[in-house]
Amino acid sequence: KTTAVNILAKHGFDIVDADKLGHEVLRDKEIINKIIGLFGEKVADRKMEIDRKILGKIVFSNPEYIRNLNHIVHSKLKHLLHDELKQANLSKKNVIVDVALLAEFGLEEVCSHIFLIKADFEKVYLRMAKDYDKRQIVTIMNHQRMPQEPDFIIENNGSLEELSSKIDMV
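Residues numbered from 1 in each chain as written. Predicted model: local features only at pLDDT ≥ 70, side-chain atom pairs only at ≥ 80, totals over all residues. Heavy atoms only, no water.

Engineer: Residue-level account of helix α3 (residues 29-39), with values.
Structural biologist: Every α-helix winds through 3.6 residues per turn, so residues three or four apart in the chain are directed the same way. Among the residues of α3, I31, I32, I35, I36 and F39 are the ones counted as buried. Seen end-on, α3 carries its buried residues on one side only, within an arc spanning 130 degrees. For α3, the exposed residues lying more than 90 degrees away from the buried face are K29, E30, N33 and G37. On its buried side, α3 packs onto α2 (18-25), α4 (52-59) and α5 (63-90). (Buried < 20%, exposed > 50% of the residue type's maximum accessible area, 1.4 Å probe, protein only. Helix = DSSP H or I, 4+ residues; strand = E, 2+ residues; numbered from the N terminus. Arc of directions from axis to C-beta. Contact = heavy atoms within 4.5 Å.)

Engineer: Please set out the confidence of the model for the protein chain residue by residue, giving values where relevant.
Structural biologist: Fine structural detail should not be taken from predicted coordinates in areas where pLDDT scores are low. Of all residues in the protein chain, 96% attain a pLDDT of 70 or more, and the chain-wide mean is 87. Mean pLDDT in the protein chain bottoms out at helix α7 (residues 134-142), which sits at 74, and peaks at α3, which reaches 95. (pLDDT = per-residue confidence, 0-100.)

Engineer: Account for the packing of α4 against α5, naming residues and giving values.
Structural biologist: Relative orientation of the contacting elements α4 and α5 amounts to 130 degrees, with a least axis distance of 8 Å. As the angle between them shows, α4 and α5 are arranged oblique. Between α4 and α5, the residues in contact are L55, I58 and V59 and Y65, I66 and L69, respectively. Considered class by class, the residues forming the contact of α4 with α5 number six nonpolar, no polar and no charged. (Axes fitted to C-alpha atoms, helices over the stretch in contact; angles between N-to-C directions. Parallel < 35°, antiparallel > 145°, perpendicular 65-115°, else oblique. Nonpolar A, V, L, I, M, F, W, Y, C, P; charged D, E, K, R; others polar.)

Engineer: Report on the pattern of salt bridges, specifying residues and quantitative values.
Structural biologist: Inspection of the entire model under this criterion finds six salt bridges. Among the ionic pairs, D14 bridges to K93, the shortest N-O distance being 3.6 Å. With D14 in strand β1 (residues 14-17) and K93 in the loop between α5 and β2 (95-98), this pair connects stretches of sequence that are 79 residues apart. E64 is the salt-bridge partner of R67, the closest N and O atoms lying 3.9 Å from each other. One end of the pair is R67 and the other is E64, both in helix α5 and three residues apart, which spans about a single turn. (Salt bridge = Lys/Arg side-chain N within 4 Å of Asp/Glu carboxyl O.)

Engineer: I'd like a rundown of the packing of aromatic side chains, residues and numbers included.
Structural biologist: Any two aromatic rings considered together are summarised by their centre-to-centre distance and by the angle between their planes. Following the criterion strictly, the structure yields two aromatic pairs and no others. Between F39 and Y65, the ring centres sit 5.8 Å apart and the planes meet at 85 degrees, which makes this aromatic pair edge-to-face. Taken together, the residues span a long stretch of sequence, with F39 in helix α3 and Y65 in helix α5 at a distance of 26 residues. Take Y65: its relative accessible area is 32%, and that puts it in the partly exposed class. (Phe/Tyr/Trp six-rings, centres within 6.5 Å; stacked < 30°, edge-to-face > 60°.)

Structure, rendered in structure tokens:
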């Protein structure tokens, strides 16, 4: 997904990156306190900042943990995403939103076109295996709903050159 977004950026689009905004949310003291209250101090480093790798390992081991974390983080993240898009709209910028949870953030209604980047489970597994175990990967994938009606579906099972070519055609 992010690789596809970076290819689109070469065509003059600005990027609104939900993960980057998620990092910003995880620096909010109120959010930090709620996360530590729920998952314990083991998710924070010495500076009392959230360690995303440790938090990810915990959260992606249990679907209920994902729901709990989303309950804490999503409201603020949704607000930041919508603010970024309002600013882009006011500036008349063409923007790509790099987000896995499009519907959960209410973005389907505000996007003029929706790209769905798909890959076979085996490909996704190989790409994510360095950071997560199989159970975590399945949990992550199961929490990413497909957009209702994407405008473009791009299969990403091949090389970077093949993906770039498909995006260039669109």
